Amino acid sequence: MTKPHFYITTPIYYVNDKPHIGHAYTTIACDVMARFKRLDGFDVKFLTGVDEHGQKVYQTAHKAGITPQALADKVSVNFREMNRLLDITEDQFIRTTEPFHQKAAQALWQKMADAGDIYLGKYAGWYSVRDEAFFSEDELTKDAAGNKTAPTGAPVEWMEEESYFFKLSAWGDRLLDFYEKHPDFIQPSYRKNEVVSFVKSGLRDLSISRTTFDWGVPVPGDEKHVMYVWVDALTNYISAIGYPNTDSDGFKNFWPADVHVVGKDILRFHAIYWPAFLMSAGLPAPKRVYAHGWWMAEGQKMSKSIGNVISPEYMVGKYGVEASRYFLLREVTFGNDGDFSHTAMVNRINAELANNLGNLVQRTLSMIAKNCEGKVPQPGILEDADRELLQKAGQQMLVEVRDQFEKLQFSRAIEEFISVANAANLYIDAQAPWKLKKTDPARMATVLYVLAETIRNLGIIIQPFTPNAAQKILDQVAVGAHERNFSFIGEAHGLKAGTPLPAPSGAFPRIVDENAEEAKTA
Ligand code: MSP
């Protein structure tokens, strides 16, 4: 039986700067989703990579006294290393300087030109290099010094040059029609309004080439122009799967993409320009664009000048990869903004991973080691409380978690399995197996069996978020490597009584709160 396909992408990151937790966030979210879908029986393509062209990268390289290619070579390695640090399982890491990608961008351009959507003109207007975006006069504001700035606060410069244009103005009605026919295209749904009203306010033709620098993909047939970096960058989503060969397996299996995950800052490019380019070239638009929020640090916007930018190395060095992945997806509802704080991290990890899940595993497995000869206990007849917990931790949990994943609601998915761990902890307290040891050892064995089963199911479901801890847990209940996908969740694949178990060891360490320790000793 062929597996259903699932294609998920991160934005490709500019190589002008080092990775920070904002980049890590998008990539981790996509990784968790990709892992979830693989475990749920899908053939997944998970794409990420770097955006290497454009004026911003060109200027950064120039300032550093190196070529843009040398800068891209160096910084792209940092992004790849970030992925290894965070246990990211991308299927492909694309670089827009790769020749196959550049050919694909030229092919897409040619299709749009053939469709009559590209013309040569002259651009005169405002440009923000930091955003790599054009702004109209009425979108600009002024900073404290009275300089014009983009809505993001970035400086703008006046630009006047010969440029090719994409006839975006002709696409407004077709885009509105598309949004109406595909109500789930833009998510979360509250972000849809801002896109729709922008389109309704009237789209202007988009300048899509530059002549004042040469760091980009040459425009086919007119090589003194390079493509506007967003035309080049967006194409990565199809070049990676074989475009312009639309008959290739990659393209046939994976296009249209299931979801492009992006930060809210770049929704406009993905929800307006990208579907217009694709439709112009005769290609279907992606199924969904999901815009997530922004991270701040200790209540402040992260910025180099404040010096509060949190790097993935810092985060993982201090808290470990599992806690970092978990925290970022747990702490805020996907879509909203978040605040990275030490206190929030310590509280979250200690309450949910160490005390709740970790304790459940620790308590249960050490009782089994001590009282059941270190083997999976033999259950007797099940009582209502046993059946209830097994059901909650079985298919029911999978259905509910899956439902949240369909909506990219990672924090809600976590709530679902944390509530199962809570229920299991309450069950231990109510059943008090340590007392049963003397009074009714057969009943004790049943209770410990139900708990071990609950732990097996939890170990399977948490894999996307905390893959290493999940592995440790599953090893401890002797679940084979081929019995760890979601089809093994539930009673039909329960643990076999008598299976020897390895000696228990903790899976979720507590975070020592240095601040609190300091306060105590002060
Ligand atoms: N190169 C473009 C994207 C092209 S996609 C075809 C770009 N790159 S970027 O390096 O600026 O990265 C932008 C993405 O990084 C955001 O959309 C978001 O996914 C992530 N983040 C960057 N800073 C962030 C925060 N402070 N918080 C959360 N995510 C943010 O735009």
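To start, this report covers the structure provided alongside it. Given the structure is predicted, the values throughout are model-derived calculations rather than measurements.

With that out of the way, let us pick up the overall build of the chain. In terms of regular secondary structure, the chain is built from 20 helices and 18 strands. Taking 522 residues into account, the globule formula puts the C-alpha radius of gyration at 24 Å, and the chain, at 26 Å, falls close to it. Along the three orthogonal principal directions, the C-alpha set of the chain runs to about 90 × 65 × 40 Å. Looking at the chain residue by residue over its 522 residues, the buried ones come to 57%. Counted over contacts in the chain with a minimum sequence separation of 6, partners at least 24 positions apart contribute 77%. When the accessible surface of the chain is summed, it comes to about 21900 Å², and 52% of that surface belongs to carbon and sulfur atoms. Across the chain, 56 positive and 65 negative side-chain charges occur, with their mean positions spaced 3 Å apart.

Right, let's talk about helix 16 (residues 410-431) for a bit. The end-to-end C-alpha distance of helix 16, which contains 22 residues, comes to 32 Å, matching closely the 32 Å that a straight helix rising 1.5 Å per residue would cover. Two residues or fewer after helix 16 comes Ala432, characterised by a positive phi angle close to 45°.

Evaluated as defined, the whole model comprises 30 salt bridges. For the salt bridge of Arg210 with Glu161, the shortest nitrogen-to-oxygen distance reads 3.3 Å. In this pair, Arg210 is assigned in strand 11 (residues 209-210) and Glu161 in strand 8 (residues 157-166), connecting sequence segments 49 residues apart. In this pair, the class of Arg210 matches that of Glu161, namely buried. Between Asp403 and Lys407 there is a salt bridge, and its shortest N-O distance comes to 3.9 Å. Residue classification places Asp403 among the partly exposed residues on the basis of a relative accessible area of 41%.

Here the focus is the packing of helix 16 against helix 18 (residues 441-461). The angle between the axes and the distance between the axes are what describe a pair of packed helices. Between helix 16 and helix 18, whose axes approach to 11 Å, the crossing angle comes to 170°. In terms of axis orientation, helix 16 runs roughly antiparallel to helix 18. For helix 16 against helix 18, the interelement crossing comes out left-handed. Contact residues: Phe417, Val420, Ala421, Ala424, Tyr427, Ile428 and Gln431 in helix 16; Arg443, Val447, Val450, Leu451, Thr454, Leu458 and Ile461 in helix 18. Partitioned by chemical class, the residues of the contact of helix 16 with helix 18 number 11 nonpolar, 2 polar and 1 charged.

Bringing the environment of Thr499 into the picture now. Position of Thr499 relative to the elements: it lies in the loop between helix 19 (467-476) and helix 20 (514-521). Spatially, the C-alpha atoms of Thr499 and Gln378 are 9.8 Å apart, while their sequence positions differ by 121 residues. Excluding residues within four positions of it along the chain, Thr499 makes contact with Gly374, Lys375, Val376 and Ala478. A polar atom in the side chain of Thr499 sits 2.6 Å from the backbone oxygen of Lys496.

Let's shift gears to the site of the ligand. Of all residues adjacent to the ligand, which total 23 residues, the nearest are Ile12, Tyr14, Thr26, Asp51 and Trp295. Between the ligand and Tyr14 there is a distance of 3.0 Å, counted from an oxygen atom to a backbone nitrogen or oxygen. At a separation of 3.0 Å, an oxygen atom of the ligand approaches a polar backbone atom of Gly263. Put simply, the parts of the chain that give the shell around the ligand at least two residues each are strand 1 (5-14), helix 1 (21-39), helix 7 (229-234) and helix 8 (236-239).

On to the nonpolar core, then. Counting 111 residues, the largest nonpolar core has Phe340 and Phe410 as its most contacted members. Beyond its immediate chain neighbours, meaning those up to four positions away, Phe410 contacts Ala29, Val32, Met33, Leu329, Phe334, Phe405 and Phe465. Counting 75 residues, the second largest nonpolar core, distinct from the first, contains Leu47, Ala233, Tyr243 and Val262.

Turning to the sheet that holds strand 8, a few remarks are in order. Taken in spatial order, the 4 strands line up as 5-4-8-10 in an open sheet, and their pairing is antiparallel. With one partner strand each, in any of the chains shown, strand 5 (133-135) and strand 10 (206-207) form the two edges of the open sheet.

As a further point, take the side chain of Asp51. As for its position among the elements, Asp51 is in strand 2 (residues 43-51). Buried and unpaired, Asp51 has no salt bridge, with Lys56 as the nearest side chain of opposite charge at 8.3 Å.

The omega angle of the peptide bond from Gln187 to Pro188 is -10°, so this bond is cis rather than trans. You can see Pro188 is positioned in the loop between strand 9 (186-187) and helix 6 (192-200). A positive phi angle, near 55°, is found at Asp87, a position not held by glycine. Along the polypeptide, Asp87 turns up in the loop between helix 3 (68-85) and strand 3 (92-95).

The next subject is the packing of aromatic side chains. With the rule as written, the count across this model stands at 36 aromatic pairs. Centroid distance Trp255 to Trp274: 6.2 Å. Interplanar angle 75°. Geometry classified as edge-to-face. Residue Trp255 is found in the loop between helix 9 (249-254) and strand 14 (259-263), and its partner Trp274 is found in helix 10 (residues 267-280); the two are separated by 19 residues along the sequence. Ring geometry for Phe405 versus Phe410: centroids 5.6 Å apart, planes at 85°, classification edge-to-face. Accessibility classification places Phe405 together with Phe410 in one group, the buried group. In this structure, Lys37 is placed above the aromatic ring of Phe42, and the distance from its NZ or CZ to the ring centre is 4.1 Å. Positioned above the aromatic ring of Trp171 is the side chain of Arg174, whose terminal nitrogen or guanidinium carbon lies 3.5 Å from the ring centre.

Rules used in this analysis
Residues numbered from 1 in each chain as written. Predicted model: local features only at pLDDT ≥ 70, side-chain atom pairs only at ≥ 80, totals over all residues. Heavy atoms only, no water. Helix = DSSP H or I, 4+ residues; strand = E, 2+ residues; numbered from the N terminus. Rg over C-alpha atoms; globule rule 2.2 N^0.38 Å. Buried < 20%, exposed > 50% of the residue type's maximum accessible area, 1.4 Å probe, protein only. Contact = heavy atoms within 4.5 Å. Areas by Shrake-Rupley, 256 points an atom, 1.4 Å probe, with all protein chains shown as cover. Lys, Arg positive; Asp, Glu negative; His and termini not counted. Charge placed at Lys NZ, Arg CZ, Asp CG, Glu CD. Expected span 1.5 Å × (residues − 1). Salt bridge = Lys/Arg side-chain N within 4 Å of Asp/Glu carboxyl O. Axes fitted to C-alpha atoms, helices over the stretch in contact; angles between N-to-C directions. Parallel < 35°, antiparallel > 145°, perpendicular 65-115°, else oblique. Left-handed = near helix turned anticlockwise from the far one by under 90°. Nonpolar A, V, L, I, M, F, W, Y, C, P; charged D, E, K, R; others polar. Polar contact = N/O pair within 3.5 Å; in protein donor to acceptor, adjacent residues only side chain to side chain. Near = heavy atom within 4 Å. Core = buried A, V, L, I, M, F, W, Y, C linked by side-chain atoms within 4.5 Å. Pairing = 2+ DSSP bridges. Phe/Tyr/Trp six-rings, centres within 6.5 Å; stacked < 30°, edge-to-face > 60°. Lys NZ or Arg CZ within 6 Å of the ring centre and 35° of its normal.

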